[in-house]
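So the chains spell out like this:
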Amino acid sequence: MPRVNDEVAQAFEELADLLQIAGGDRFKIVAYRRVAEEVRAFARDISTLDDKELGALRGVGKATSSKIREVLKTGTMAKLEDARAAVPRGIREMTALPGLGPRTALLLHAELGVKSLAELDQAIKEQRLRTVKGLGKKTEENLASALRRFKGRQERVPVDVALRVAEDLLAALRKSDLVTEAAYCGSLRRAKETVGDLDLLATGPDPAAIMQLFTSLEGVSGVSVSGSTKSSIRTREGLQVDLRVVASDEFGAALQYFSGSKEHNVRVREIAVKQGYKLSEYGLFRVSDNVRVAGATEAEVYEALGLQTPPAPMRENRGEIEAALKGEIPELIQLSDIQGDLHSHTRYSDGSTTVREMALTAMGLGRRYLAITDHLDAWVKSHSPDTVKLQAEEIAAVNEEFGDRITVLQGVEVDIGPEGTLALPDSILNRVELVIASIHRRYGLDAEAMTRRVVKAMQHPSVNIFGHPTGRWLGQREAAEFDLEQVFAAARDNQVVMEINSNPARLDLKDDHIRLAKEFGLLFSINTDSHNPGHLSRTRLGVGMAQRGWVTRPEVINALAVDDLRDLFKK
Ligand code: DGT
Ligand code: CA
Ligand code: CA
Ligand code: ZN
């Protein structure tokens with residue numbers, strides 16, 4: 001659709017919203033919305049229309065025509081400007097929140113005096129929305145989660161984007177002779193699923209020159225702080241990046257401090273104080289004589305305090321301090337442990353390419369096996385019923401060609417219906433080597449129905465893996481509200497493996513849920529859910545999430561060799 005049409009439509013929509021908030025004429029409001037719809041749906045650029053053609057659009061009379069001309073000429077209309085002036089800016093911002101229309105915005109303003117997103121946030125925290133007639137507790141909860149998502153979308157960046165930016169910047173810094181060491185820390189190093197800002201550290205003999213280099217790097221779109229030891233820039237991706245340059249004997253202490261989390265650091269500092277030390281980003285100092293006892297490496301800081309060094313993804317004060325004190329930090333799964341990938345798609349469903357192309361890329365990444373797990377239900381319905389055989393032959397040919405370098409397994413990803421039945425007949429499920437069962441539709445069932453649905457699916461003897469278990473979609477959809485404990489118990493009883501889906505928009509299961517699943521003794525499969533070859537390198541994102549969930553190598557089925565894996569699937 002032409003961009004000008006969109007602009008005009010938006011102006012009319014905004015006008016309608018504002019008039020509605022201000023209590024304007026209902027018929028006019030409806031008429032403006034209709035014009036917006038009509039203009040938006042019009043295929044040609046409306047600025048090319050003559051008066052007669054413009055007047056022929058549905059709902060467009062003489063007055064509207066001239067308003068459209070006004071927007072085309074000036075980008076706005078007098079009437080819209082008046083309406084904007086009549087409605088406080090904050091209230092206009094509020095209507096940008098999904099689920100908060102003009103009617104509710106008006107009600108909130110009239111009843112609670114709320115006139116901005118910040119005030120809305122406050123009112124929700126104080127549970128005042130539920131006191132308003134016509135709103136109630138459910139609306140309050142819905143708006144609370146909409147607001148959280150809205151804030152998240154505005155401020156936080158997905159981990160894959162942050163990782164790419166960080167690695168590009170670090171590579172550019174490391175390439176220079178000015179920099180002896182550089183690293184990223186903060187939430188990215190802790191492998192969080194989203195990142196607020198990037199925290200980089202560097203060391204080198206001439207800090208000012210490093211700063212000079214940093215603020216002029218390619219991809220920097222703005223510089224907000226430019227000091228001799230700290231600079232902040234914004235990248236093209238809209239990500240804020242802080243760089244701190246420290247002395248080389250402070251590097252470890254700074255890495256420890258800026259890796260966080262804050263909660264973890266508070267605990268470590270308490271331990272330091274109890275032992276007569278002071279810990280800061282400059283080092284670990286003995287209070288009695290102010291001598292620095294550690295600081296060059298992170299390990300020496302932890303060691304001096306009698307602590308094991310917890311891997312960064314564990315540092316959330318969720319038990320890792322206790323474990324480190326007792327020397328019981330688990331040996332977490334590493335990317336290099338991963339032997340294969342058990343979830344991928346090809347042209348047999350919604351993937352972009354062939355089995356062979358996918359296998360080639362997986363091979364290049366050092367994978368020893370790859371499971372092709374297409375959604376075969378649609379294909380089976382619309383094509384020959386022997387799709388499974390056809391695909392099996394294609395896979396056999398690829399296995400023949402690549403010999404012992406990579407093994408391609410034939411699996412399926414089967415949809416779990418609302419009642420918990422699987423979307424493919426047993427005759428197909430029995431013929432493939434592995435079955436991933438996942439939910440793709442109808443997430444809105446209540447918790448009880450969802451739980452029943454998932455438990456029933458797991459009881460099907462063919463199911464090996466529960467795919468992207470909670471269905472969360474970062475910034476858009478929360479984890480489904482089923483009873484995780486019942487589901488995990490059913491998975492244990494039926495030997496179903498939990499997926500840790502590495503799609504950066506999913507990262508599902510997430511850390512807390514992984515730890516709960518571990519308590520049930522469940523196993524995990526860290527999968528990419530690739531729909532094209534580029535997705536196959538996402539594994540490390542899933543490994544990061546697994547590390548945040550304290551997962552060890554014996555708990556990960558795709559750290560097994562392919563023969564052992566095949567045994568496991570013959571349950
Ligand atoms: P983010 O950026 O929101 O994704 O999360 P972080 O963890 O990267 O937080 P950020 O960028 O505000 O700070 C980076 C690290 O610096 C943080 O993880 C721990 C450390 N830090 C920041 N402020 C404080 C503080 O007030 N006290 C302590 N102990 N550490 C702090
Ligand atoms: Ca940060
Ligand atoms: Ca920061
Ligand atoms: Zn999939």
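Please refer to the structure placed before this passage.
Here is what the cut-offs are and how they apply
Residues numbered from 1 in each chain as written. Chains lettered and ligands numbered in written order. Predicted model: local features only at pLDDT ≥ 70, side-chain atom pairs only at ≥ 80, totals over all residues. Heavy atoms only, no water. Helix = DSSP H or I, 4+ residues; strand = E, 2+ residues; numbered from the N terminus. Contact = heavy atoms within 4.5 Å. Areas by Shrake-Rupley, 256 points an atom, 1.4 Å probe, with all protein chains shown as cover. Lys, Arg positive; Asp, Glu negative; His and termini not counted. Charge placed at Lys NZ, Arg CZ, Asp CG, Glu CD. Pairing = 2+ DSSP bridges. Buried < 20%, exposed > 50% of the residue type's maximum accessible area, 1.4 Å probe, protein only. Salt bridge = Lys/Arg side-chain N within 4 Å of Asp/Glu carboxyl O. 1 Å grid on protein atoms, 1.4 Å probe; cavity = no way out; pocket = protein on both sides within 12 Å on 5 of 7 lines; lining within 4 Å. Points joined across faces, edges and corners; volume = space filled by probe spheres on them. Nonpolar A, V, L, I, M, F, W, Y, C, P; charged D, E, K, R; others polar. Domains from an automatic or database assignment. Donors = N, O, S within 2.8 Å, 3.2 Å for Na, K, Ca; no water. Polar contact = N/O pair within 3.5 Å; in protein donor to acceptor, adjacent residues only side chain to side chain.

Considerations on the overall build of the chain
Here comes step 1: Helices and strands together make up the secondary structure of the chain, namely 25 helices and 17 strands.
Here comes step 2: Taking as baseline every contact in the chain between residues at least 6 positions apart, the subset at least 24 positions apart corresponds to 66%.
Here comes step 3: When the accessible surface of the chain is split by element, carbon and sulfur atoms take 49% of a total near 26600 Å².
Here comes step 4: Side-chain charges in the chain split into 77 positive and 83 negative, and the spacing between the mean points of these groups amounts to 5 Å.

Some details on the sheet that holds strand 12 (residues 369-374)
Strands belonging to one sheet form pairs held by backbone hydrogen bonds; the direction of such a pair is parallel or antiparallel.
Here comes step 1: In spatial order, the strands read 11-12-13-14-15-16-17; together these 7 strands make up an open sheet with parallel pairing. Looking at which strands have only one partner, the edges of the open sheet turn out to be strand 11 (340-341) and strand 17 (524-527).
Here comes step 2: Pairing between strand 14 (residues 434-438) and strand 15 (residues 465-466): 2 bridges, direction parallel. In the sheet register, Ala437 faces strand 15, and the bridge partner there is Phe466.

What to know about the pairing of strand 13 (residues 407-415)
Here comes step 1: The buried count for strand 13 comes to 9 of 9 residues, which makes it a mostly enclosed element.
Here comes step 2: Residues Thr407, Leu409, Gly411, Glu413 and Asp415 line one face of strand 13 and the alternating positions Val408, Gln410, Val412 and Val414 line the opposite face, and both faces are buried.
Here comes step 3: As judged from the 5 bridges shared by strand 13 and strand 14, these two strands associate in the parallel manner. Looking across to strand 14, one finds that Asp415 is bridged to Ser438.

Comments concerning the pattern of salt bridges
Here comes step 1: Within this structure, the stated rule accounts for 36 salt bridges.
Here comes step 2: Between Asp337 and Arg553 there is a salt bridge whose closest N-O contact spans 3.8 Å. Placement of Asp337 in the loop between helix 16 (320-326) and strand 11 and of Arg553 in the loop between helix 24 (539-548) and helix 25 (562-569) is noted, with a sequence separation of 216 residues between them.
Here comes step 3: A salt bridge links Glu393 to Lys389; the nearest nitrogen and oxygen atoms lie 3.8 Å apart. Taken together, the positions of Glu393 and Lys389, both in helix 19 (residues 387-402) and 4 residues apart, correspond to about one turn of that helix.
Here comes step 4: Overall, the relative accessible area of 45% leaves Glu393 in the partly exposed class.
Here comes step 5: Note on Lys389: relative accessible area 43%, which makes it partly exposed.
Here comes step 6: Overlapping salt bridges, with partners in common, bring together Arg190, Glu316, Arg318, Asp511, Asp512 and Arg548 in one network.

Considerations on the layout of surface pockets
Here comes step 1: In this structure, the second largest pocket occupies an estimated 450 Å³ of space.
Here comes step 2: As for the second largest pocket, its lining consists of 16 residues, of which Lys138, Glu478, Ala479, Ala480 and Glu481 are closest to the centre.
Here comes step 3: In terms of residues, the lining of the second largest pocket owes the most to one element, helix 9 (residues 136-155), which gives 6 residues.
Here comes step 4: Of the residues assigned to the lining of the second largest pocket, the class counts are 5 nonpolar, 3 polar and 8 charged.
Here comes step 5: Residues from two domains meet in the lining of the second largest pocket; each of domain 1 (3-154) and domain 4 (335-570) gives at least three.

Focus on the coordination of the calcium ion (ligand 3)
Here comes step 1: Coordination of the calcium ion (ligand 3) by the protein involves Asp197 (OD), Asp197 (OD), Asp199 (OD) and Asp242 (OD), with metal-donor separations of 2.3 to 2.9 Å.
Here comes step 2: For the calcium ion (ligand 3), all donor residues lie on one chain, and their spacing in sequence is D-x1-D-x42-D.
Here comes step 3: Between the calcium ion (ligand 3) and the calcium ion (ligand 2), a spacing of 3.8 Å is present, and a bridge between the two is formed by Asp197. One end of the pair, Asp199, is in strand 4 (residues 198-203); the other, Asp242, is in strand 7 (residues 240-245), and 43 residues separate them in sequence.
Here comes step 4: Classification of Asp242 as buried rests on a relative accessible area of 5%.

Notes on the side chain of His468
Here comes step 1: Inspection of the secondary structure assignment puts His468 in the loop between strand 15 and helix 22 (484-493).
Here comes step 2: Relative accessible area serves as the criterion here: at 1%, His468 is assigned to the buried category.
Here comes step 3: Engagement of the side chain of His468 in a polar contact is seen with the side chain of His440, the distance being 3.4 Å.
Here comes step 4: Once residues within four sequence positions are removed from consideration, His468 is found in contact with His343, Glu413, Ser438, Ile439, His440, Tyr443, Glu499, Asn501, Arg506, Asp508 and Asp529.

Keep in mind these numbers describe shape, not what the thing actually does.
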